[in-house]
Amino acid sequence: MTTAKPTQNMVWGEAWGEATHRLASGEAWLVGLWADGGEARLALSTGRPELEFFRYAAVDGSFPSVGATHAPAIRLERAIADLNGLKARGAPDPRPWFDHGRWPVSHPLGDGAPASGGEPARYAFLAAEGGGLHQIPVGPVHAGIIEPGHFRFHANGETIVRLEARLGYVHKGIERLMTGADRTRGAQLASRVSGDSAVAYQIAFARAVEAASGVVAPPRAAWLRGLMAEIERVANHLGDIGGICNDASFSLMHAHTGALRELTLRAAGHAFGHRLMMDCIVPGGVLVDLDRDRRAGLRELTTTIRDKFPRLVELYDNTASLQDRTVGTGRLDLELARRFGCGGVIGRASGRDFDARRDHVYSPYDELRFDTPVWREGDVNARVWVRIREVEESVRLIGQILDRLPVGPIHAEHEPAGRAGEGWALVEGFRGDVFVHVRLDEDGKIARCHLRDPSWFQWPLLEAVIEGNIVADFPLCNKSFNCSYSGHDL
Amino acid sequence: MRRTLIDGLLNGPLTEAAPAADDAELAALAAEVERAAAASLGRSLSIRHVDAGSCNGCELEIHALGNAYYDLERFGLRFVASPRHADVLLVSGPVTRNMREALERTYAATPAPKWVVACGACAKDGGAFAGSYAIVGGVGEVVPVDLYVPGCPPRPAMLLKALLALLNGRQRQSA
């Protein structure tokens, strides 16, 4: 079985520039960029199973900007400046990102100095100038039941010329809360980074800690994790398929997928004791086992979805008025998806064939059969179709896991003695690849935990795809992306 | 589409009108909500949801209130797009410092009489995020709260129960 691997290939300063160059030239994509103490850390991938890690000692409180030549790093560098106080030299965008000027401290992960106080500075949105242009400010409180964020549109009549998002409204200081936490507390926080990805974050956190401390979760635990992850994927995709159709005013689909989603959450609640499966996974294993009765409930769920879902797929496929809204809307280029290392449904709907379950394989996926559906068109329609096929694949996976669930313990026998170490994990959540990197101190407590949501590399692309679309199509595009605010804002 | 619509007509609603076993509580609640809403609100209550910093778990369960099984709107309870149309603010999440002003403004924009329901463990006292530099605390730290709904996140049935309790409380006030 595959285990999470400890952090390897750590390279110091001189290689930083070369790594930046490789990112800019498209040889590699960015996986993570964060700071730990006085060091900047960079993780990148070339598609091989191992990631490459680089660190740069920011002796004078600064490090060479990656974002200067590789745009996906810009917001991560702005977050580092706010949280750690390390400056990216030559960074193209000096504006703060998470720090809206309302915290009692500045650089909460760095020196934690008292904030200067006073009225928060006005945020300067990027401009679009020309005759007939007007601005539409939206948020942070939106019209629907949705997380908060601000969208600033520049439009010419109905046509959007520029969209810029301002995020950070739900910044809860999770990485600061993680510092000094034990594993149980860490797992509790990981469950709540982004509630819709509770399972993906729990798995990523658990595997990163396991890698850092040299623990291996028993096979049954890994399979149960996989089971929860696929249930989570099905529930979210069902919600999103319906949500996208609903944003095109086709509520019939929303009603039907909503009912299937409810059945999925009920089955999860029955099987694991929590509808969103929070607090089910810890480093070393899982907390809930699956008995015969609960297994039967999940079987029944797969039968129901297999029975009802094809009709809904047909409904989507045969409703011309709906396709009229989704086909050709919000098109994302493959080249842009690649440059941003855009994972999940969004990347795969634009032809970027990446799936962490397959490309950074971890148990139980090394022993399961599944396809990764890829579409080329990159529009809202393609994102719906990838989700449809992924629901079918995940239902197959749930069936395979229920058939072949190994027997044995659900938790590693011995709690490891505290030891310092580092570990990482890349886990395929329903939204894309969740990256977690942890550093443990000598007592086995968390010295630093960095959690990178797939949304970091998807939010900027939403701004790109909306250009030239009409304002009325924004909800449709936004829902077809369904980025996480909380996962991004931390 | 025709087949789907015809099936929908022939098979009857999924809505749990006569639910069995563990859903009996829900059915009883539903009947009570209906009575209370009719008495004090003319069968209508408009709810504006505000996420003041949640992990989005609460939002998922609030969304579920609208699905065919719970069908919130049959009680005259509905979500509205603007605080100016709302009787109730349903607030989720610990209040982050970055959202404090937005919550205060939303509350100010809601016409009186108004009620605030704090949804979930975070909205009570910050929950898992209590003590963070980025958190003000529970919703009660920023706006007056009429009712706290427990759970992380609260189950949809629990949310229904909360709205009922609010309605009953209102009746007592006006009696």
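What you see is a predicted model; the values in this text were computed from it and never measured. (Residues numbered from 1 in each chain as written. Chains lettered and ligands numbered in written order. Predicted model: local features only at pLDDT ≥ 70, side-chain atom pairs only at ≥ 80, totals over all residues.)

Q: How should I be thinking about the interface of chain A and chain B in this particular structure?
A: How big an interface is tends to be expressed through the accessible area that disappears when the partners come together. Contact residues are listed per partner, giving 42 residues for chain A and 38 residues for chain B. Those elements giving two or more residues to the side of chain A that touches chain B turn out to be α3 (174–178), α4 (183–191), α7 (251–272) and α8 (292–317) of chain A. For the side of chain A that touches chain B, the per-class residue count stands at 21 nonpolar, 12 polar and nine charged. (Contact = placed C-beta atoms within 7 Å. Helix = DSSP H or I, 4+ residues; strand = E, 2+ residues; numbered from the N terminus. Nonpolar A, V, L, I, M, F, W, Y, C, P; charged D, E, K, R; others polar.)

Q: Could you clarify how one ought to interpret the packing of helix α14 (residues 459–466) of chain A against helix α15 (residues 474–481) of chain A in this entry?
A: The geometry of a pair of packed helices is captured by two quantities: the angle between their axes and the separation between those axes. Residue and element names in this part refer to chain A. Where α14 contacts α15, the two axes come as close as 11 Å, and the packing angle between them is 145°. Between α14 and α15 lies a crossing whose hand is right-handed. Taken together, the residues of α15 that come into contact with α14 (itself represented by Leu462, Val465 and Ile466) are Phe474, Cys477, Asn478 and Phe481. Looking at the contact of α14 with α15 residue by residue, the classes come out as six nonpolar, one polar and no charged. (Axes fitted to C-alpha atoms, helices over the stretch in contact; angles between N-to-C directions. Left-handed = near helix turned anticlockwise from the far one by under 90°.)

Q: I keep staring at the sheet that holds strand β13 (residues 433–440) of chain A and nothing clicks. Help me out?
A: Strands pair in a sheet through their backbones, by hydrogen bonds, and they do so in one of two ways: parallel or antiparallel. Residues and elements named next belong to chain A. If you walk across this open sheet you meet the three strands as β12-β13-β14, and the pairing is antiparallel. If you trace the sheet from one side to the other, it starts and ends with β12 (421–428) and β14 (446–452), each paired once. Ignoring strand direction, the axes of neighbouring strands in this sheet form an average angle of 10°. Two elements, β13 and β14, share six bridges in a ladder whose sense is antiparallel. Residue pairing across strands places phenylalanine 435 opposite arginine 452, the latter belonging to β14. Packed on one face of the sheet, helix α5 (residues 198–213) meets β12, β13 and β14 and runs near 150° to β12. (Pairing = 2+ DSSP bridges.)

Q: Would you take a moment to explain α4 of chain A for this structure?
A: Residue pairs spaced three or four apart in an α-helix point in one direction, given the helix's 3.6 residues per turn. Taken together, the buried positions of α4 of chain A are occupied by Arg183, Gly186, Ala187, Leu189, Ala190 and Ser191 of chain A. Residues of α4 of chain A that are buried in the fold lie against α3, α5, β10 (281–282) and β14 of chain A. (Buried ≥ 20, exposed ≤ 12 C-beta atoms within 10 Å, placed from the backbone.)

Q: Explain the environment of serine 46 of chain B to me, please; I cannot follow it from the model alone.
A: Residues and elements named next belong to chain B. With respect to the element layout, serine 46 can be found in strand β1 (residues 45–51). Judged by the 19 C-beta atoms lying within 10 Å of it, serine 46 falls in the partly exposed class. Separated by 11 residues in sequence, serine 46 and glycine 57 have C-alpha atoms that sit 22 Å apart. Apart from the residues within four sequence positions on either side, serine 46 is in contact with Arg78, Val80, His85, Ala86 and Asp87.

Q: Is there a simple way to think about the sheet that holds strand β5 (residues 115–119) of chain B in this case?
A: All names here are of chain B. Taken together, the five strands give an open sheet; going across it, the order is β2-β1-β3-β5-β7, and neighbouring strands pair in parallel fashion. Since the sheet does not close on itself, it has two edges, and those belong to β2 (77–79) and β7 (147–149), each with one partner. Each strand of the sheet is rotated relative to its neighbour by a mean of 25°, with strand direction disregarded. Alignment of strand β3 (residues 88–92) against β5, held across five bridges, turns out to be parallel. Residue pairing for β5: leucine 89 is matched across the bridge by valine 116. Packing against the sheet, helix α3 (residues 57–64) makes contact with β1, β3 and β5, and its axis sits at approximately 140° to β3.

Q: How should I be thinking about the pairing of β12 of chain A in this particular structure?
A: Looking along a regular strand, one sees side chains alternate from face to face of the sheet. All names here are of chain A. Among the eight residues of β12, eight are classified as buried, and the element is accordingly described as predominantly covered. Side-chain alternation along β12 places Gly421, Gly423, Ala425 and Val427 on one buried face and Glu422, Trp424, Leu426 and Glu428 on a second face that is also buried. Bridge analysis of β12 against β13 gives eight bridges, and the strand direction is antiparallel. Looking at β13, one finds that alanine 425 is bridged to valine 436. Counted between consecutive antiparallel strands, the loop separating β12 from β13 contains four residues, among which glycine 432 sits at a positive phi close to 145°.

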